[in-house]
Amino acid sequence: MAEPAGRSTRVVVTGLSALAALALAACTAVPDSGPVHAGQQPVAGAAPNIHVNPREPVPGSQPDSIVTGFRFANSDTTEALGVAKAYLVNGATWQPSGAVVVADSGAPLTDVQTGANTVTVKVVDNQIGQIAADGTYQPSPSGHQIEYDYQLTKDPKENDQWRITNAPPNLVLTVAQIQSSYQEGYVYFLRPDEQMLVPVQVFLPVNRDQLAQELLTTLLHGPPAWLKPAVTTALLGGTAPGPTQINGVTTVDLPRGAATLSAAQRNAIAAQVAYTLSNTKTPSQNFGELKILSGGQPLINSQQLQTAADWPAFDPDALNVNFYYSDSSHLTRDHLGRLVPGDTGELDTTPLLAPAVAPRTGADAADQLIAGVVQGDNGKESLYAGPLLAPKQLLTGSNFTTPSWDSLGNLWTVQQQQSSSAPRVLIAPSGKATLPAVAAPDLANKVIEELNVSRDGTRIAVLAVSTNVSQVLVGAVAKDGTTIENFYPVAPSLTSVTDFVWASSTKLDILDTVPNTNEPGTTSQLWSVDVDGWAPSLTQGTVLTTAVSIAAAPGQPLVVATSLDQIEQYSDGQWQFVGNGSAPHYPG
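The rules we used
- Residues numbered from 1 in each chain as written.
- Predicted model: local features only at pLDDT ≥ 70, side-chain atom pairs only at ≥ 80, totals over all residues.
- Heavy atoms only, no water.
- Helix = DSSP H or I, 4+ residues; strand = E, 2+ residues; numbered from the N terminus.
- Contact = heavy atoms within 4.5 Å.
- Buried < 20%, exposed > 50% of the residue type's maximum accessible area, 1.4 Å probe, protein only.
- Polar contact = N/O pair within 3.5 Å; in protein donor to acceptor, adjacent residues only side chain to side chain.
- Salt bridge = Lys/Arg side-chain N within 4 Å of Asp/Glu carboxyl O.
- Pairing = 2+ DSSP bridges.
- Axes fitted to C-alpha atoms, helices over the stretch in contact; angles between N-to-C directions.
- Left-handed = near helix turned anticlockwise from the far one by under 90°.
- Nonpolar A, V, L, I, M, F, W, Y, C, P; charged D, E, K, R; others polar.
- Core = buried A, V, L, I, M, F, W, Y, C linked by side-chain atoms within 4.5 Å.
- Phe/Tyr/Trp six-rings, centres within 6.5 Å; stacked < 30°, edge-to-face > 60°.

J.: Quick question: what am I supposed to make of the environment of Leu197 here?
T.: Residue placement: Leu197 occurs in strand S10 (residues 197-204). Put simply, Leu197 and Asp317 are 120 residues apart on the chain and 9.4 Å apart in space, counted from C-alpha to C-alpha. If near-sequence neighbours (up to four positions away) are discounted, Leu197 is found in contact with Tyr188, Phe189, Leu190, Ala271, Gln272, Tyr275, Phe314, Pro316 and Asp456.

What follows is the structure, encoded as structure tokens:
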């Protein structure tokens, strides 16, 4: 933006530190109350959701303080941004729209020129992501900067106090502001066969008392745009009155049409609503037992009250959880170090480089599926898959990624002949010898070193490598399984990734390397990140610095393979040696 004559320009960063200072000077937290309350408090160690009231401009404030105060007040979700509007010139109209920009701190304060009655304050933010109108978050490419020039004037209607004349069209909030003013939660949609739930994290600009209503409204609106190709919903849409709570029972009255659906569809609806509003795994949005109605009548006559625990078959994280690994002879061993029965273990006829077992609930070896890559003497690789006791060769070629199973028994892998060729994403339905290619245009110019499918089968994550950068991308699997689309970098700041896994249906664990501080070489760090990329967190002290690969599953101990070819399991606060080998994998 051009600099008008006779104005002053200041480059200012109003990030976490400045906003934190305002927070300390502001009013105390708003108490948590209302008609519908969560039945449990957040788990110990969870980030506090403390809302601090913004305040109107202080007389005598200088332009940079006005801009800082205005941006802090942007997080106000209780007064329709009324406090923020007090920082604008008298009579200004402002109603931000579109995505909320999520920013980190930017460049330092720089004074350029001083004028009399008008000032330009230039703000430079590092954008780390955005929150769409549907409440979903998506990260932005690392290093993306946005600039905005705030124009300020001395407003004669405000006793010549400095006021902003051109508020930006979008809200710009920091991570800390989102965490203190928005409500985070999960809404649950369905895999295309309507047999398993798929959680989606949302950020809602409401106070605590409105959370149950907003979660239900978001659920009724259907899947978010980026995931819509991959999932479905049994709910018919429309609107519903706000949930009410009496004596610890929360009543949800859905539109009347739900009562006319089949029993299977009504069960799926009940599971979606129960996991969204009555799930002990998400305490902050657990509103106790539910009475689910349709047009005032019970949705399911046989179940007057219900919670998520009544629908375990829909749980995407309730799967077989024992891990497997490849020993020094490439024989497959289980979590206790025992050779598995059959060709890949005890019979020693199919040595797999990295065994992958399908996420089935049965414990009988005859019901298990296994897959892996066999290295031939001529350097060629062969992809094997099938029953645990005797997998069969599916394909011969070169450069297969370690295969990955979804809970439907579909096997996924990538074949890339060389770095200059396009990767071919292949799928073997039910692990059988038909491997049609799956279109993934977003990966056309990338080298794919690893592919992992979510256990529900609706999302694909890959480790994409380019010059000096290796990072994790996540995309949505189309309902017919022929296309993967809408890839995005889940953690743009992590660019030296060596391995990653689906830790659960909502989180990825990512193994990244950083230079050693006191000696040559690198050390490994473990990061936990929500599937949408929200706020990656470093998991201090829970991964060996020599780790080269990892395995994780819901509620199960972390397992690593080290550079010394040792399998270690983290249990009871310490690492325990399991055996010599590599490539540990939980089913999936």
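J.: Which parts of the structure should I look at to understand the environment of Thr413?
T.: Tracing the chain through its elements places Thr413 in strand S22 (residues 411-415). With relative accessibility at 1%, the residue Thr413 sits in the buried group. In this structure, the C-alpha to C-alpha distance between Thr413 and Phe400, residues 13 residues apart in sequence, is 6.6 Å. With residues up to four places along the chain from it excluded, the contact list for Thr413 reads Leu383, Phe400, Thr401, Pro403, Arg424, Val425 and Leu426. Of note is the side chain of Thr413, whose polar atom sits 2.8 Å from the backbone oxygen of Thr401.

J.: Explain the pattern of salt bridges to me, please; I cannot follow it from the model alone.
T.: Any two side chains of opposite charge can pair, on the condition that their charged atoms come close. Counted under the stated rule, the structure contains nine salt bridges. Note that Asp125 is salt-bridged to Arg71, the shortest N-O span being 2.9 Å. You can see Asp125 sitting in strand S4 (residues 118-131) and its partner Arg71 sitting in helix H2 (residues 63-73), a full 54 residues away along the chain. Accessibility classification places Asp125 together with Arg71 in one group, the buried group. Salt-bridge contacts for Asp149 lead to Lys122; the nearest nitrogen and oxygen are separated by 2.8 Å.

J.: When you look at helix H5 (residues 211-221) in this model, what are you seeing that I'm missing?
T.: Along H5, the positions that sit buried rather than exposed are Leu211, Ala212, Leu215, Leu216, Thr218, Leu219 and Leu220. Residues of H5 that are buried in the fold lie against strand S9 (183-190), S10, strand S12 (249-254) and helix H6 (263-277). Where H5 terminates, the next one or two residues include Gly222, which has phi positive at roughly 95°.

J.: Would you mind going over the pairing of strand S2 (residues 100-104) with me for this structure?
T.: One face of the sheet, then the other: side chains in a regular strand alternate in exactly this way. Among the five residues in S2, four count as buried, and that is most of the element. Examined bridge by bridge, S2 and S4 share five bridges and lie antiparallel to one another. Residue pairing for S4: Val100 is matched across the bridge by Ile131.

J.: Explanation requested: the packing of H5 against H6 in the structure shown.
T.: The description of two helices packed together rests on the angle between their axes and the distance between the axes. Axis separation between H5 and H6 bottoms out at 10 Å; the angle between their running directions is 145°. Crossing angle aside, the handedness with which H5 passes H6 is right-handed. For the pair H5 and H6, contact is made by Ala212, Leu215 and Leu219 and by Gln272, Val273, Thr276 and Leu277, respectively. In terms of residue class, the contact of H5 with H6 is made up of five nonpolar, two polar and no charged.

J.: Can you walk me through the sheet that holds strand S25 (residues 447-453) in this structure?
T.: Across a sheet, strands are paired by hydrogen bonds formed along the backbone, either parallel or antiparallel in direction. A sheet is described by the order of its strands in space; here four strands give the open sequence S25-S26-S27-S28, paired in antiparallel fashion. Taken across any chain shown, the strands that pair with only one partner, and hence form the sheet edges, are S25 and strand S28 (484-489). With strand direction ignored, the average angle separating the axes of adjacent strands in the sheet is 25°. Here strand S26 (residues 459-466) pairs with strand S27 (residues 469-477) via eight bridges, running antiparallel. The partner of Ile460 across the bridge, within S27, is Gly475.

J.: Would you take a moment to explain the environment of Pro139 for this structure?
T.: Along the polypeptide, Pro139 turns up in strand S5 (residues 137-139). Relative accessible area serves as the criterion here: at 10%, Pro139 is assigned to the buried category. Taking C-alpha positions, Pro139 is 8.8 Å from Val102, a pair spaced 37 residues apart along the chain. Once residues within four sequence positions are removed from consideration, Pro139 is found in contact with Ile128, Gly129, Tyr488, Pro489, Val490, Pro492, Asp532 and Gly533.

J.: Mind showing me how you'd approach the sheet that holds strand S24 (residues 437-438) here?
T.: Read from one edge of the open sheet, four strands run S21-S22-S23-S24, paired in antiparallel fashion. Sheet topology places strand S21 (404-405) and S24 at the edges, where each strand pairs with a single neighbour. Summarising the sheet, strand S23 (residues 424-428) and S24 pair through two bridges and their orientation is antiparallel. Opposite Val425, over in S24, you have Val438 as the bridge partner.

J.: Got a minute to help me understand the nonpolar core in this structure?
T.: One broad trend across soluble globular proteins is that nonpolar side chains are buried collectively. Residues Leu254, Ile269, Val273, Val472, Val490, Leu508 and Ile510 are the most contacted members of the largest nonpolar core, which totals 61 residues. With eight residues, the top contributor of residues to this core is H6. Membership of the second largest hydrophobic core comes to 29 residues, among which are Ile66, Leu88, Tyr137 and Tyr150.

J.: Help me understand the packing of aromatic side chains, please; the structure alone is not making it clear to me.
T.: Each pair of aromatic rings is reported with the distance of its centres and the angle of its planes. Under the criterion given, the structure shown has 11 aromatic pairs. Residues Tyr137 and Phe203 carry aromatic rings whose centres are separated by 6.4 Å and whose planes lie at 65° to one another, so their mutual orientation is edge-to-face. Taken together, the positions of Tyr137 in strand S5 and Phe203 in strand S10 put the pair 66 residues apart, joining distant regions of the chain. Both residues of the pair, Tyr137 and Phe203, count as buried. Between Trp226 and Tyr488, the ring centres sit 5.3 Å apart and the planes meet at 85°, which makes this aromatic pair edge-to-face. Remark: Tyr488 occurs in strand S28 and Trp226 occurs in the loop between H5 and strand S11 (244-246); sequence separation between them is 262 residues. Accessibility classification places Trp226 together with Tyr488 in one group, the buried group.

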